[in-house]
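In case you want the letters, here they are:
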Amino acid sequence: QAAQTWRFELAPMASREPQSVASAMRRCFSIAVAAIASGALVQADTEPAETLYVSGADTAVSVTDGTYMLDKTEVHNKKLCYKKEGTALWLCYDDHNLWSFQPQGFLGTSQGIMVSTQKTSESPVGAGPWRVWKDGAWSVTSAVVRDSPAEPAAQAWTPLLPVDEEASRIIAGMLLGFMALTFLIMVLAGSTDEQVRAYFYKMFSACFTFLIALLFAFAVWELLIYQILPAPRPRGFGLAVPIHPELKIVLSFLLFSLSNFLLNFIGWKVQFRRARLMVIKTLGAHVTAIFGILTFLHIQRHAVFESAMFIQGTILSPEQIRGVTAFLIVAVAWITFAVYRWASKGARKEMFGKPPVRPWGAPLRPLRDERPAERSCMSFGSGALGALAGPRGPEFPDWGILVDEAEDEGAIVVMGFLTSQAIMFCRTGEMPVLRGHFTHADDDRAIPFFAGTLTALIALFAVILYVRSLRGGGGRSGKICQRATAMSLAWMLYRAIVWNTRAAFKENAPLALVIGALAITMMFCIIIVVLDKCLDYLLNRSNSPFKNLSARMESDTPLSEKVCSGADAARGRCV
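All residue numbers refer to positions counted from 1 along the written sequence of the respective chain. Where totals are concerned, whole chains, interfaces and linings use all residues; where local detail is concerned, this predicted model gives features only for residues with pLDDT of at least 70, and gives and counts side-chain atom pairs only at 80 or more. Note that water and hydrogens are dropped before the side-chain values are worked out from all heavy atoms of the structure.

(A) Inspection of the overall build of the protein at higher detail. The helix and strand labels rest on DSSP assignments: H or I over at least four residues marks a helix, E over at least two residues marks a strand, and numbering proceeds from the N terminus. Looking only at helices and strands, the protein features 15 helices and nine strands. Summary of the burial criterion: residues with accessible area below 20% of their type's maximum are buried, those above 50% are exposed, and those between are partly exposed, where the area comes from a 1.4 Å probe applied to protein chains only. When burial is assessed residue by residue, the protein has 39% of its 575 residues classed as buried. What makes two residues a contact is simply this: any of their non-hydrogen atoms within 4.5 Å. At a minimum sequence separation of 6, the contacts of the protein that also span at least 24 residues come to 62%. Surface exposure here means Shrake-Rupley accessible area, sampled with a 1.4 Å probe, where a residue is shielded only by the protein chains that are shown. By element, 65% of the accessible surface of the protein is carried by carbon and sulfur atoms, the whole surface being about 32700 Å².

(B) Representation of the side chain of Asp-408. Mapped onto the elements of the fold, Asp-408 is located in helix α9 (residues 399-428). Polar contact criterion, stated in full: a pair of N or O atoms within 3.5 Å, where within protein one must be able to donate a hydrogen and the other to accept it, and residues adjacent in sequence count only if both atoms are side-chain atoms. In terms of polar contacts, Asp-408 uses its side chain to reach the side chain of Lys-479, at 3.1 Å. Beyond its immediate chain neighbours, meaning those up to four positions away, Asp-408 contacts Arg-341, Arg-476, Lys-479 and Ile-480.

(C) Examining the pattern of salt bridges more closely. Should a side-chain nitrogen of Lys or Arg be within 4 Å of a carboxyl oxygen of Asp or Glu, the pair is scored as a salt bridge. Counted according to the given criterion, the structure contains nine salt bridges. For Glu-405, the salt bridge identified is with Lys-281, shortest N-O distance 2.9 Å. A residue pair is termed long-range when its members are at least 10 positions apart, and Glu-405 in helix α9 and Lys-281 in helix α6 (residues 274-307) qualify at 124 residues. Looking at Glu-405, the relative accessible area reads 29%, which means it is partly exposed. A residue is classified by how much of its surface remains accessible, and Lys-281, at 25% relative accessible area, is partly exposed. A salt bridge links Glu-407 to Arg-348; its shortest N-O distance comes to 3.7 Å. One end of the pair, Glu-407, is in helix α9; the other, Arg-348, is in helix α7 (residues 318-350), and 59 residues separate them in sequence. Residue Glu-407 shares its accessibility class with Arg-348, and that shared class is buried. It is possible to trace a salt-bridge network through shared partners that takes in Arg-348, Asp-404, Glu-407, Asp-408, Arg-476 and Lys-479.

(D) Representation of a nonpolar patch on the surface within the structure. A contiguous nonpolar surface patch, about 440 Å² in accessible area, is contributed by Phe-237, Leu-239, Leu-247, Val-250 and Leu-254. Mapped onto the elements of the fold, Leu-254 is located in helix α5 (residues 245-269). Leu-254 sits in the exposed class, given a relative accessible area of 55%. Patches draw on residues past 30% relative accessible area with no salt bridge. Two like charges within 9 Å are joined, as are two nonpolar side chains (Val, Leu, Ile, Met, Phe, Trp, Tyr) within 5 Å.

(E) Expanded view of the packing of α7 against helix α11 (residues 475-504). Here α7 crosses α11 at 140°, and the two axes come no closer than 12 Å. Seen from above, α7 lies across α11 with right-handed handedness. Seen from α7, the contacting residues are Trp-334, Arg-341 and Lys-345; seen from α11, they are Arg-476, Ser-477, Ile-480 and Cys-481. Tallied by class, the residues present in the contact of α7 with α11 amount to three nonpolar, one polar and three charged. Only the stretch in contact is used when fitting a helix axis, every axis being a line fitted to C-alpha atoms; angles between N-to-C directions are given from 0 to 180 degrees. In a left-handed crossing the near helix is turned counterclockwise from the far helix by less than a right angle, and in a right-handed crossing that turn is clockwise. Asp, Glu, Lys and Arg are counted as charged, while Ala, Val, Leu, Ile, Met, Phe, Trp, Tyr, Cys and Pro are counted as nonpolar; the rest, among them Gly, fall into the polar class.

(F) Spatial organisation of the confidence of the model for the protein. For the protein, the mean per-residue pLDDT works out to 75, and 74% of the residues sit at or above 70. What pLDDT expresses is the predictor's confidence in each residue, scored from 0 to 100. Low pLDDT, under 50, characterises residues 366-394; the stretch is placed with 43 contacts to residues that sit more than four places away or in other chains.

(G) The environment of Ile-280, seen in detail. The residue Ile-280 is located in helix α6 in this model. The exposure class of Ile-280 is buried, given its relative accessible area of 11%. Taking C-alpha positions, Ile-280 is 6.6 Å from Gly-267, a pair spaced 13 residues apart along the chain. Apart from residues lying up to four places away in sequence, Ile-280 is in contact with Leu-263, Ile-266, Val-270, Ala-285 and Ala-406.

(H) Representation of the sheet that holds strand β2 (residues 66-76). A pair of strands is labelled paired if DSSP reports no fewer than 2 bridges between them. The sheet built from nine strands is open, its strands ordered β8-β7-β6-β5-β4-β3-β2-β1-β9 with antiparallel pairing. Each edge of the sheet is formed by a strand with only one pairing partner; in this case those strands are β8 (137-140) and β9 (144-146). Shown here is a sheet whose adjacent strand axes are inclined to one another by a mean of 35°, direction ignored. For strand β5 (residues 99-103) and strand β6 (residues 114-116), the ladder comprises two bridges, and the chain directions are antiparallel. The partner of Phe-101 across the bridge, within β6, is Met-114.

(I) Quick peek at the packing of α5 against α6. Viewed as axis vectors pointing N to C, α5 and α6 meet at an angle of 160°, and their least axial separation amounts to 9 Å. Judged on the interaxial angle alone, α6 and α5 are roughly antiparallel. As α5 runs across α6, the sense of the crossing is left-handed. When its residues are assigned to classes, the contact of α5 with α6 shows 14 nonpolar, ten polar and two charged. We call two directions roughly parallel when the angle between them is under 35 degrees, roughly antiparallel when it is over 145, roughly perpendicular when it lies between 65 and 115, and oblique otherwise.

(J) Molecular detail of the nonpolar core. Working definition of a nonpolar core: buried Ala, Val, Leu, Ile, Met, Phe, Trp, Tyr and Cys residues. They are joined through side-chain atoms within 4.5 Å. In terms of nonpolar packing, the biggest core is built from 37 residues, with Phe-291, Phe-296, Val-414 and Leu-418 touching the most fellow members. In this structure, Phe-291 is in contact with Phe-216, Ala-217, Val-220, Ser-252, Leu-255, Phe-256 and Ser-259, ignoring residues within four places of it in sequence. Within the second largest apolar cluster, 19 residues are counted, among which are Ala-57, Trp-99, Phe-101 and Val-132.

(K) Looking closely at the packing of aromatic side chains. Aromatic contacts are taken between Phe, Tyr and Trp rings whose centres are within 6.5 Å, Trp giving its six-membered ring; a plane angle under 30 degrees counts as stacked, one over 60 as edge-to-face, and the others as tilted. Considering all chains together, one arrives at 21 aromatic pairs under this definition. For the ring pair Phe-265 and Trp-360, a centre distance of 5.8 Å and an interplane angle of 85° mean the geometry is edge-to-face. Placement of Phe-265 in helix α5 and of Trp-360 in the loop between α7 and α8 (381-388) is noted, with a sequence separation of 95 residues between them. Ring centres 5.1 Å apart and planes at 75° place the aromatic pair Phe-417 and Trp-491 in the edge-to-face group.

Okay, structure coming up:
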């Protein structure tokens, strides 16, 4: 299949010259002598180059020409791999101690498109000359691997900072666009429309907490995967590199289970402080969501590419079986979250039924106002101080309800991501990691695919909304199902925009990502406002930004309170 896809001739495993026992012993002896002579048994650790440039390959293997970026998530035979931009072609260290250009399914094996001749080379730069397997024999090519771009000819002159006029105009337009977008968001965050103001404050909160959760989760994950597990004892466990996928699944599932437990435990300990409970509701939910994505993404990848082969031979084709398997993992994730919700409620009754003897934060004294405090949209003044002071009156917020909302938020993010990943797998046959990208193919089927997918998700969302209205809301399961569908719709909108911008700017991938970020943010700001106006009309809400504006401006109320009026009422309708 790989040969038909890439149109190359794979080198057979039997064609590699195996090492004899005598040569292996001579090599071990020479290494030992060199180590004793130098007085150290430590191998020099050189930092690999971040970018490699391949050029000059023969026509038969011209697919290897291009730019390769170091991927720190792929490690084979104790060396990091390089991935060609925009494709699924890799430059990896194979099991014969040779650098080899390999497609996605052959990483670290003895099969590849083009192979180096120098063994045990620390870097692909010094591993040449390169050879290919052609007509039953090895033939040397003229390919060159550099760690810097090819030097220009002696008579050519290039400026120190080459200027691309088209890219400069695009960058200037984006700078103006981001400035206009910043002012637009600030205006909307201070809008007199209660719902719009609540939407954008919630968007700020979700944005920052998701970024913090992403950094924290990946810091913990990479510390375990790249430091503690492979490090020699006593610094680590001394496991082989790369870490087996099964071990990654077990480790990520333990982190996911621990984060679910800590939601309940920390919520129980800080139940007397509203501000800290809000941190659990937002940041705790997103940390759980990131670990959940890592867990079920590894399960999904392993099930699709490894386990699906055991059920082949049915009425479905192999591609259809893999697609069905990808969607089955979404159902498995749903069942897992349902079990954790059931266990969470039981734990609160048996283990956390009584208040803690030593809570993290003693109850604050009740304030004079008897109504419960709500968060103000101001970052200063008495409203903010009241929000930070915690609950007013003798009643404290129910920490179990806030933990339920955090669990639901984590389930919604995970379900939405897995659904979009399964949909994109049916289109591309790929399933990249959380920070990866799909390979872009030049065809005319991408736009109809995204249009049909978005239309189907919108129709499904409308059906779920209608059923919920008939069944009295449908409880937590109905809410999770509806919001997970909306989250899948948002993920697919994001992937559609990134797909088209990267396809339009193939030669400048970072510029394409920035353009996509600007387009996505502007689109969603417009969508939020338009949907709010539609809901105002459907629900007969009188929240026009111009309604009673003159009466508010003529009153003696300070301007800050005029802008923030109605924030408490908006919190109850921001869903």
